[in-house]
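Each chain, written out:
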Amino acid sequence: MVQMTPADQATVKAIPGNDKCCDCGMKNPQWASVSFGTVFCLDCSGVHRSLGVHISFVRSIAMDSWTEQQLSIMKLGGNSNCVNYLSSRGIPPNTPIKQKYESETAQLYKEILKARSEGRPEPTCLPPPKNNSAGNNRSEEHTSELQ
C-alpha cells in the first residue's frame, strides 16, 4: 500500500468528469470509490460508505493508502465513463446513490473495471449468487471475494 503520489492524484483528477463529484456535481472532489473508479465530495462519500464496502469501497484521494490494483482501477475508471455506462443502460445520473450503485448494472460495471485492471476478459453478466439452499445465505462470502 502506498500514498497516492501527486502525479497519481493529477492523473486521476485529469480523467474526464473527475473535476466534479460524480453524484452531485460539487467541484474538487477529494474522495473516491475504488469499486467504481469514481471521485466524489465529502457529503456523497458518507452515502457511499453507508452502502458497505461490498458495494462501494471508499478512499481519500490525499490521505489514504492505495494498492497498485486500486490505482489501476481509478485510472481505468473515471466519472464520465461510469456515468455514460450507467446512463446507456437506463440509470440516469440523478438516480439516488443507493439505488444507482446497488443496481445489477452498476455491480456489473464494477466487475468490468476489476477485470480490466487484472487483464482478464470483461464479464458480460454477474456471477450467480452462491446461496443454493434456503436459509443458507452465503452472500457475505461472495461479496468479500469482490474486494
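Refer to the structure presented above.
Criteria and thresholds
Residues numbered from 1 in each chain as written. Predicted model: local features only at pLDDT ≥ 70, side-chain atom pairs only at ≥ 80, totals over all residues. Heavy atoms only, no water. Helix = DSSP H or I, 4+ residues; strand = E, 2+ residues; numbered from the N terminus. Buried < 20%, exposed > 50% of the residue type's maximum accessible area, 1.4 Å probe, protein only. Pairing = 2+ DSSP bridges. Axes fitted to C-alpha atoms, helices over the stretch in contact; angles between N-to-C directions. Polar contact = N/O pair within 3.5 Å; in protein donor to acceptor, adjacent residues only side chain to side chain. Contact = heavy atoms within 4.5 Å.

Q: Tell me about unusual backbone geometry, and please be specific about residues and values.
A: The phi dihedral of N28 falls on the positive side, at around 55 degrees, and the residue is not glycine. Note on placement: N28 falls in the loop between helix 1 (6–14) and strand 2 (31–33). Residue classification places N28 among the exposed positions, given a relative accessible area of 61%.

Q: Lay out the sheet that holds strand 4 (residues 58–60) in plain terms, naming residues and giving numbers.
A: The strand order 3-2-4 describes an open sheet built from three strands, whose pairing is antiparallel. At either end of the open sheet lies a strand with only one pairing partner, and these are strand 3 (38–40) and strand 4. With direction set aside, neighbouring strand axes in the sheet form an average angle of 35 degrees. By the bridge criterion, three bridges tie strand 2 to strand 4 in an arrangement that is antiparallel. Paired with S33 across the strands is V58, a residue of strand 4.

Q: Can you lay out the side chain of S56 for me, pointing to particular residues and giving the numbers?
A: For S56, the location among the structural elements is in the loop between helix 2 (42–51) and strand 4. Using a relative accessible area of 1% as the deciding quantity, one classes S56 as buried. Polar side-chain contacts of S56 include one of 2.8 Å to the side chain of H48. Residue contacts for S56: discarding those within four places in its chain leaves S33, S35, F36, H48 and L51.

Q: An account of the side chain of D8 is needed here, citing residue identities and associated values.
A: Within the element layout of this structure, D8 appears in helix 1. Note on D8: relative accessible area 13%, which makes it buried. Those residues in contact with D8, other than ones at most four positions away along the chain, are L71 and K75.

Q: Tell me about the environment of S35, and please be specific about residues and values.
A: Mapping S35 onto the fold places it in the loop between strand 2 and strand 3. Linking S35 and G77, residues 42 residues apart in sequence, is a C-alpha distance of 9.3 Å. Discounting residues that sit within four places of it in the chain, S35 has contacts with V53, I55, S56, F57, K110 and L113. Within the local environment of S35, its side chain forms a polar contact with the backbone nitrogen of F57, the two atoms lying 2.8 Å apart.

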